[in-house]
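Structural features, examined
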Amino acid sequence: MSANGNTDTVPIRTIPSTDRIENLTRRFHDEFGSKPSFYVRVPGRVNLIGEHIDYCGYPVLPMALEQDILVAACLTSDSKLYLRNINSKYNNFDVEITKFADMDIQPDSNGKPFWYNYVLCGLKGALEYLNNDFKNGLKLLVDGNIPPASGLSSSSALVSAACLAFLYAQNATLNKIEIATLCAKSERYIGTQGGGMDQAIAFLAEKYSAQYITWQPLNATAVALPEEASFVVAHSLAEANKAATNDYNRRVIECRLAAKVLIKASGGLVNQKIVTLSHAQKILNKTLVEMIDLVNEYLPKEMYTKPEVCNKLDITENEMDTLYLTPNTRHLKEFKLKQRALHVFSEALRVEDFRKACTQSTSNGSNGHINGSNGVTVKSDSEFVDKILLTLGELMSSSHESLQTLYECSHENLDRLVDISKKMNVHCRLTGAGWGGCVVALCPKDKVDEYIQMLTDEFYVKHCEIEKSKASVYVFATTPNCGALIYI
Ligand code: GLA
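Residues numbered from 1 in each chain as written. Predicted model: local features only at pLDDT ≥ 70, side-chain atom pairs only at ≥ 80, totals over all residues. Heavy atoms only, no water.

**What about the overall build of the protein chain?**
- Within the protein chain, the regular secondary structure consists of 15 helices and 17 strands.
- With the principal axes as the frame, the protein chain shows a C-alpha extent of 70 × 60 × 50 Å.
- For the protein chain, contacts bridging at least 24 residues in sequence account for 74% of all contacts bridging at least 6.
- Accessible surface, the protein chain: about 20800 Å² in total, of which carbon and sulfur atoms supply 49%.
- Of the charged side chains in the protein chain, 50 are positive and 56 negative; the average position of the first set lies 3 Å away from that of the second. (Helix = DSSP H or I, 4+ residues; strand = E, 2+ residues; numbered from the N terminus. Contact = heavy atoms within 4.5 Å. Areas by Shrake-Rupley, 256 points an atom, 1.4 Å probe, with all protein chains shown as cover. Lys, Arg positive; Asp, Glu negative; His and termini not counted. Charge placed at Lys NZ, Arg CZ, Asp CG, Glu CD.)

**Digging into the pairing of strand 8 (residues 219-224)**
- Looking at chain direction, strand 7 (residues 209-214) and strand 8 are connected through 6 bridges and run antiparallel. Its bridge partner lying in strand 8, Ser209 is registered against Ala224. (Pairing = 2+ DSSP bridges.)

**Side note on empty space enclosed by the protein**
- Per the stated rule, a full pass over the model turns up 1 cavity of 30 Å³ or more.
- If you trace the largest cavity, you find it lined by Pro147, Val233, His235, Cys438, Val473, Tyr474 and Phe476.
- Residue classes in the lining of the largest cavity are distributed as 6 nonpolar, 1 polar and no charged. (1 Å grid on protein atoms, 1.4 Å probe; cavity = no way out; pocket = protein on both sides within 12 Å on 5 of 7 lines; lining within 4 Å. Points joined across faces, edges and corners; volume = space filled by probe spheres on them. Nonpolar A, V, L, I, M, F, W, Y, C, P; charged D, E, K, R; others polar.)

**Concerning the site of the ligand**
- Around the ligand, the structure places 13 residues, and the nearest of them are Glu51, His52, Asp54, Asp198 and Tyr248.
- A distance of 3.0 Å separates an oxygen atom of the ligand from a polar atom in the side chain of Arg45.
- A distance of 2.7 Å separates an oxygen atom of the ligand from a polar backbone atom of His52. (Near = heavy atom within 4 Å. Polar contact = N/O pair within 3.5 Å; in protein donor to acceptor, adjacent residues only side chain to side chain.)

**Let's talk about the packing of helix 14 (residues 412-422) against helix 15 (residues 448-463)**
- Their axes nearest at 10 Å, the elements helix 14 and helix 15 cross at an angle of 140°. Overall, the two elements helix 14 and helix 15 adopt an arrangement that is oblique. The two elements helix 14 and helix 15 cross, and the hand of that crossing is right-handed. On helix 15, the residues that touch Asn413, Arg416, Leu417, Ile420 and Ser421 of helix 14 are Tyr451, Met454, Leu455, Glu458, Phe459 and His463.
- Among the residues forming the contact of helix 14 with helix 15, the class breakdown is 6 nonpolar, 3 polar and 2 charged. (Axes fitted to C-alpha atoms, helices over the stretch in contact; angles between N-to-C directions. Parallel < 35°, antiparallel > 145°, perpendicular 65-115°, else oblique. Left-handed = near helix turned anticlockwise from the far one by under 90°.)

**Re the packing of aromatic side chains**
- Inspection of every chain in the model, using the stated rule, returns 10 aromatic pairs.
- Site record: aromatic cluster; members linked through ring pairs are Phe93, Phe114 and Tyr116.
- Lying over the aromatic face of Tyr208, Lys207 brings its terminal NZ or CZ to 5.4 Å of the ring centre.
- Here Arg355 stacks its cationic end above the ring of Tyr212, 3.8 Å away from the centre of that ring. (Phe/Tyr/Trp six-rings, centres within 6.5 Å; stacked < 30°, edge-to-face > 60°. Lys NZ or Arg CZ within 6 Å of the ring centre and 35° of its normal.)

**Overview of unusual backbone geometry**
- Cis geometry marks the peptide bond from Gln216 to Pro217; its omega dihedral reads 0°.
- For Ala149, which is not glycine, the phi dihedral falls at a positive 50°.
- Within the fold, Ala149 resides in the loop between strand 6 (137-144) and helix 4 (154-169).
- If you check the backbone angles, Asn425 has positive phi at about 60° while not being a glycine.
- Looking at the element boundaries, Asn425 is found in the loop between helix 14 and strand 14 (427-431).

**What to know about the side chain of Gln67**
- With respect to the element layout, Gln67 can be found in strand 3 (residues 61-76).
- In this structure Gln67 touches Pro43, Gly44, Asn145, Ile146 and Phe476, once residues within four positions along its chain are discounted.

**Quick notes on the layout of surface pockets**
- By volume, the second largest pocket amounts to about 600 Å³.
- Lining the second largest pocket are 25 residues, with Asp54, Arg188, Gly195, Trp215 and Gln216 positioned closest to its centre.
- Looking at the lining of the second largest pocket, the elements with two or more residues in it are helix 5 (176-187) and helix 8 (277-284).
- Counting residues per element, the lining of the second largest pocket draws most heavily on helix 5, which supplies 5 residues.

**Remarks on the environment of Ile253**
- With respect to the helices and strands, the residue Ile253 is situated in helix 7 (residues 247-265).
- Taking relative accessible area as the criterion, Ile253 reaches 1% and is therefore assigned buried.
- It is 17 Å that separates the C-alpha atoms of Ile253 and Tyr189, two residues lying 64 residues apart in sequence.
- Among all residues touching Ile253, those that are not within four sequence positions of it are Tyr324, Leu325, Thr326, Thr329 and Phe335. (Buried < 20%, exposed > 50% of the residue type's maximum accessible area, 1.4 Å probe, protein only.)

**Examining the pattern of salt bridges**
- Tallying each qualifying case throughout the model produces 24 salt bridges.
- Measuring nitrogen to oxygen at the nearest pair gives 3.1 Å for the salt bridge that ties Lys185 to Glu128. Highlighted residues: Lys185 in helix 5 and Glu128 in helix 3 (residues 117-129), separated in sequence by 57 residues.
- With a closest N to O distance of 2.8 Å, Glu458 and Lys423 form a salt bridge. Within this pair, whereas Glu458 is found in helix 15, its partner Lys423 is found in the loop between helix 14 and strand 14, the two being separated by 35 residues in sequence.
- The class of Glu458 is partly exposed, set by a relative accessible area of 23%.
- Within this structure, Arg250, Glu254, Lys336, Arg340 and Glu408 form a network of salt bridges that share partners. (Salt bridge = Lys/Arg side-chain N within 4 Å of Asp/Glu carboxyl O.)

What follows is the structure, given as structure tokens:
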């Protein structure tokens, strides 16, 4: 066991006897005529704070959900993948594994990935790791209960589960950090330049605590959340698939361009390598607050045209296309550099403040006495707890506002959920990539039932016109769960 468990391998447990496993086993037998030889389980996640900053190199603070992708698997003696899904809306897919190892993974004619593309990404990454040297094919039956396109990382859980299953089947033993890194790389075959948060928490999560995830090198440190806080996830009923549009990659590119411009404008040298905003901060040796000042100084305009950015970076448009842009962002003519960079630096500050407040709450316990910002000692336990919860809540609200206005990745349904929550003084924010999906709300434990009831009435019944009894699948309180597991 390593000091913090991050360099341990994925734990192997005995198969739990649950109805879900029983059902999956039965269905596997019906489908393939044999029993599964092992199962893998990879959880979804909810990010508490630190949105759209992982790919800029800044720490994030997610936790794993109970909802997961559970896959039953069995080796075959040929070299094929036989893929099935318990949900009949997802079609069967059989393929010769060697065939797609060197092929691009293509979406459908509307640019939307097929469901099995995520499995292929995981396998492609695993094959690369194995140098295409594998002994067995695989029969897989997938059962997922993370709502898809909800910002709760169902896609990354599927990529990671496929990668883990294939590697386990070939007896490859990677530690959690190695496999999380491999899965982050693998998922980029779908076409998005994801940052790695989803795969990191999928493997490094621990029960009862969120994780503070840092990059280069990847590491995760447990963050205990205040006992009195409950985190509620609520679906906006707007689905968002980040691989089906260029919204996500556009933001990644805008951040990379902003980083280069800031370095160049401050007299630094930029080369062709990908530079993130956190690299820029390191190179310029500034604090996050100083970086915000630099943005205001060197990127004052609301919009920059492609020729303007090229001019600032001293490159041709052709060089920009080939060196800096992705296939789905090459046609872009304008970039918002100021707004994106301001979001990233301010969100990175919020993550640090959030973590600090969590640490204060747990190190002092609920008996703690802290000094208020005005120097007044906060005496009673409940005053102390309220103050911490308020601090955390306000950080979450500021995060949402920044994502809505500067990063432009919210959705009217998400904003409505945020507004409805304000009526009960509950702070919440969009979680995941955005443009739909879920919000995460910080709600005092003793108000959770009332809050869920209020969202059910005001949002799901009144606004979305769905039956009250059906709303419970869309809104739920959650506690931190453990990371990926193998069952044998
Ligand atoms: C998606 C990506 C992550 C991260 C979030 C936004 O979930 O996969 O890497 O960028 O969006 O925070």
